[in-house]
Amino acid sequence: MGNDTFNQPSGLAVLSTGEILVAEGHGSKLNKSRVDVYSKDGKFLRSFASHGTGDGQLTEPHAIAVDAQDRIYVADRTGNRIAVFDKSGKFLANWKQFGRPSGVWVDKSGLIYVADSQSDEKTNPGCKMGIRVGSVKDGQVMYYIPPPPGVDAKTPPPEGISVDSHGTIYASAVQMKDVKKYTK
């Protein structure tokens with residue numbers, strides 16, 4: 001599979017330069033888990049990361065976000081981590097304290113919001129599903145929002161996450177066919 005063919009893309013983000021980041025490899029049977037970088041006019045520039053469990057590798061990229069310094073945060077759901085890269089794709093850190101991330105958002109003030117829709121004793125022992133909010137400066141989790149009522153194996157909690165300029169959190173729940181709104 002070449003650079004002109006996507007493999008289950010699952011997230012998009014844009015660097016301050018206008019370059020477009022595409023996280024691909026959701027549920028990949030092809031072991032093609034990476035981040036592709038395109039120019040603002042859509043020309044392929046490069047890729048970074050590869051399929052695997054090591055530093056700088058991804059097993060199931062599910063979402064992607066960028067902070068004000070153009071650091072890149074990839075929600076590597078099956079890897080139970082947020083993989084952090086600089087704007088050129090150089091690996092910086094793995095953050096496991098955010099659970100099994102399905103969604104990630106970074107606001108202008110440097111808060112990272114992570115939706116964990118799958119953690120349980122089988123997939124991520126010792127971790128619970130829910131939303132975690134932390135700092136991009138040090139990766140410290142500061143707040144935890146438990147899953148909404150009615151969550152079970154058939155209707156897991158929200159996967160997608162977005163935050164407006166007032167700090168209101170919007171979380172999309174696929175199987176619940178719902179969007180949850182959390183205010184301060």
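Scroll up for the structure.
What comes next concerns the included structure. (Residues numbered from 1 in each chain as written. Predicted model: local features only at pLDDT ≥ 70, side-chain atom pairs only at ≥ 80, totals over all residues. Heavy atoms only, no water.)

### Focus: the sheet that holds strand β17 (residues 178-182)
The strand order across the open sheet formed by 3 strands is β15-β16-β17, and the pairing between neighbours is antiparallel. Looking at the sheet topology across the chains shown, the edges are occupied by β15 (160-163) and β17. Strand-to-strand twist of the sheet, defined as the mean angle between neighbouring strand axes without regard to direction, takes the value 20°. Where strand β16 (residues 169-173) and β17 come together, 5 bridges link them in antiparallel fashion. Bridge pairing links Ala 171 to Lys 180 in β17. (Pairing = 2+ DSSP bridges. Helix = DSSP H or I, 4+ residues; strand = E, 2+ residues; numbered from the N terminus. Axes fitted to C-alpha atoms, helices over the stretch in contact; angles between N-to-C directions.)

### A few points about the nonpolar core
Counting 14 residues, the largest nonpolar core has Leu 21, Val 35, Ile 64, Ile 72, Val 74 and Phe 85 as the members making the most contacts within it. Among the elements of the structure, β2 (20-24), β3 (34-38), β7 (61-66), β8 (72-76) and β9 (81-85) are those that each provide at least two residues to this core. If sequence neighbours within four positions are ignored, Ile 64 has contacts with Gly 11, Leu 12, Ala 13, Leu 21, Ala 23, Val 35, Ile 72, Tyr 73, Val 74 and Val 104. Of all hydrophobic cores here, the second largest spans 13 residues; its members include Ala 65, Val 84, Trp 95 and Val 136. (Core = buried A, V, L, I, M, F, W, Y, C linked by side-chain atoms within 4.5 Å. Buried < 20%, exposed > 50% of the residue type's maximum accessible area, 1.4 Å probe, protein only. Contact = heavy atoms within 4.5 Å.)

### Focus on the pattern of salt bridges
Within this structure, the stated rule accounts for 11 salt bridges. For the salt bridge of Lys 32 with Glu 24, the shortest nitrogen-to-oxygen distance reads 3.8 Å. Note on accessibility: Lys 32 and Glu 24 belong to one class, buried. Taking the shortest distance from any N to any O, the salt bridge between Asp 67 and Arg 71 comes out at 2.8 Å. It is possible to trace a salt-bridge network through shared partners that takes in Glu 24, Lys 32, Arg 34 and Asp 36. (Salt bridge = Lys/Arg side-chain N within 4 Å of Asp/Glu carboxyl O.)

### Thoughts on the pairing of strand β12 (residues 111-116)
The buried count for β12 comes to 5 of 6 residues, which makes it a mostly enclosed element. Alignment of strand β11 (residues 101-106) against β12, held across 5 bridges, turns out to be antiparallel. When the bridges of β12 are listed, Pro 101 appears paired with Asp 116. The turn joining β11 and β12, which pair antiparallel and follow one another in sequence, is formed by 4 residues; a positive phi near 95° is taken by Gly 110. Here β12 pairs with strand β13 (residues 130-135) via 6 bridges, running antiparallel. Each bridged residue has a counterpart across the sheet, and for Ile 112 the counterpart in β13 is Gly 134.

### Quick notes on the layout of surface pockets
In this model, the largest pocket occupies a volume close to 400 Å³. Taken together, 21 residues line the largest pocket, and the ones lying closest to its centre are Val 66, Trp 105, Val 106, Asp 107 and Lys 108. Of all the secondary-structure elements, those providing two or more residues to the lining of the largest pocket are β1 (9-14), β7, β11 and β12. Grouping the amino acids of the lining of the largest pocket by side-chain chemistry returns 13 nonpolar, 3 polar and 5 charged. The space that makes up the second largest pocket amounts to roughly 180 Å³. Every residue lining the second largest pocket is listed: Leu 111, Tyr 113, Val 133, Tyr 143, Ile 145, Gly 167, Ile 169, Tyr 182, Thr 183 and Lys 184. Of all elements in the fold, only β12 and β14 (141-145) reach the threshold of two or more residues within the lining of the second largest pocket. Broken down by class, the residue content of the lining of the second largest pocket amounts to 7 nonpolar, 2 polar and 1 charged. (1 Å grid on protein atoms, 1.4 Å probe; cavity = no way out; pocket = protein on both sides within 12 Å on 5 of 7 lines; lining within 4 Å. Points joined across faces, edges and corners; volume = space filled by probe spheres on them. Nonpolar A, V, L, I, M, F, W, Y, C, P; charged D, E, K, R; others polar.)

### Focus: the packing of aromatic side chains
The full count for this structure, using the stated rule, is 5 aromatic pairs. An angle of 55° between the planes, with centres 5.0 Å apart, marks the rings of Phe 48 and Phe 85 as tilted. Of this pair, Phe 48 sits in strand β4 (residues 44-48) while Phe 85 is found in strand β9, placing the two residues 37 residues apart along the sequence. For Phe 48, a relative accessible area of 7% puts it in the buried group. Measuring from ring centre to ring centre gives 6.0 Å for Trp 95 and Phe 98, while their planes differ by 35°; the resulting arrangement is tilted. For the pair Trp 95 and Phe 98, a shared accessibility class is recorded, and that class is buried. (Phe/Tyr/Trp six-rings, centres within 6.5 Å; stacked < 30°, edge-to-face > 60°.)

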